[in-house]
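# Geometric and topological summary
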Amino acid sequence: DSQPIKEKIWDKVGISFTLSLLSILLAYLVSIPIGIYSAHKKNSRTDKTMSLILFIMYSLPSFFVGTVLLLFFSNPDFYLWFPEAGIKDPSIWGNHPEWSDSFWDIFNWNRIKHQAPYLLLPIITYTYGSFAFLSRIMRIGMIDVVSQDYIRTARAKGLSERTVILKHALRNSLLPIITVFASIFPVSVGGSIIIEVIFSIPGMGTEIFNAILNYDYPMIVAFFTLVGFLTMVGYLVSDLLYAVADPRISYK
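Residues numbered from 1 in each chain as written. Predicted model: local features only at pLDDT ≥ 70, side-chain atom pairs only at ≥ 80, totals over all residues. Heavy atoms only, no water.

### Here's the deal with the overall build of the protein
- Secondary structure summary: the protein contains twelve helices and zero strands in total.
- Ordered by position in the sequence, the α and β elements of the protein form the string α-α-α-α-α-α-α-α-α-α-α-α.
- Per-residue burial over the protein gives 41% buried out of 252 residues.
- Counting contacts in the protein only where the partners sit at least 6 residues apart, residues at least 24 apart contribute 70% of the total. (Helix = DSSP H or I, 4+ residues; strand = E, 2+ residues; numbered from the N terminus. Buried < 20%, exposed > 50% of the residue type's maximum accessible area, 1.4 Å probe, protein only. Contact = heavy atoms within 4.5 Å.)

### Structural notes on the environment of serine 44
- By the element assignment, serine 44 lies in the loop between α1 (5-40) and α2 (45-59).
- Judged by relative accessible area, which is 22%, serine 44 ranks as partly exposed.
- A polar contact of 2.6 Å, which involves the side chain of serine 44, links it to the backbone oxygen of lysine 41. (Polar contact = N/O pair within 3.5 Å; in protein donor to acceptor, adjacent residues only side chain to side chain.)

### A look at unusual backbone geometry
- In the Ramachandran plot, asparagine 43 falls in the positive-phi region, its phi being about 65° despite a non-glycine side chain.
- Structurally, the position occupied by asparagine 43 is in the loop between α1 and α2.
- For serine 200, which is not a glycine, the phi torsion comes out positive at approximately 55°.
- Residue placement: serine 200 occurs in the loop between α10 (193-198) and α11 (204-213).
- Serine 200 sits in the partly exposed class, given a relative accessible area of 42%.

### Here's the deal with the packing of α1 against helix α12 (residues 217-245)
- Remark: α1 packs on α12, axes separated minimally by 10 Å, with the N-to-C direction vectors making an angle of 60°. By the angle between their directions, the pair α1 and α12 is classed as oblique. For the crossing formed where α1 meets α12, the hand is right-handed. Seen from α1, the contacting residues are Ile5, Lys8 and Ile9; seen from α12, they are Pro218, Met219, Ala222 and Leu226.
- Residue classes in the contact of α1 with α12 are distributed as six nonpolar, no polar and one charged. (Axes fitted to C-alpha atoms, helices over the stretch in contact; angles between N-to-C directions. Parallel < 35°, antiparallel > 145°, perpendicular 65-115°, else oblique. Left-handed = near helix turned anticlockwise from the far one by under 90°. Nonpolar A, V, L, I, M, F, W, Y, C, P; charged D, E, K, R; others polar.)

### What to know about the nonpolar core
- Among the nonpolar cores identified, the biggest contains 26 residues, and Tyr28, Ile36, Met138 and Met142 are the most heavily contacted of them.
- Put simply, the parts of the chain that give this core at least two residues each are α1, α5 (109-146), α6 (149-156), α7 (161-173) and α8 (175-181).
- Among the elements that take part in this core, α5 stands out by supplying nine residues, more than any other.
- Those residues within four positions of methionine 142 in sequence are excluded, and the remaining contacts are Ile36, Ala39, Ile165, Ala169, Leu170 and Ser173. (Core = buried A, V, L, I, M, F, W, Y, C linked by side-chain atoms within 4.5 Å.)

### Observations concerning the side chain of aspartate 216
- Along the chain, aspartate 216 turns up in the loop between α11 and α12.
- Sequence-distant contacts of aspartate 216, defined by excluding residues within four places in its chain, comprise Lys8 and Ala211.

Below, the structure is given as structure tokens:
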């Protein structure tokens, strides 16, 4: 279409990155405490109940959950609580030329209030499946750490269980979570084709899907080159975070 690739990608990446970043933050904020609590209450009724609920959520495909959310919360026949498509109202957006689609403009409070109803359902669809995966990884990592000798020593010194878990065990149990974090960089830019199509979000997922359908080879090559580069960046960042989380690991 004779448009510069960098401009087309830059316009779309900000949207996908914003959605992915918010969903990733929400997933980690919810999953890490769940994993810690499940490890602390290992094999209890609460642990088993939480595992059952999380794996039921994990088994539901995103296109099904997204469609159900639209049916019940964006349907005039049921409850029209949220907009059914897009990320903004053009009639209102056009009256605010200071608003932009740039990621760095998300700190504009008025823009946040306008776009929040559009983003809530997609973020839920992005996030719910991560709870089981991340919380189980956190649970396994925590169980492995609390069985170590230094944790028993900390308990023998009379430290409270809260201090032992949050101060001594948590840091080292984050290593499996950091490993998963390496895959976030390419996903955050690529977006989700299924979710973006369902909610009519003009992000990178929709753009690359249309590029494939239209045999837009320059866009396809640029996209996968960017994903490959970000994959390497993700592994580099995760390696650096290993040294931050575990003092036994050095940068050398």
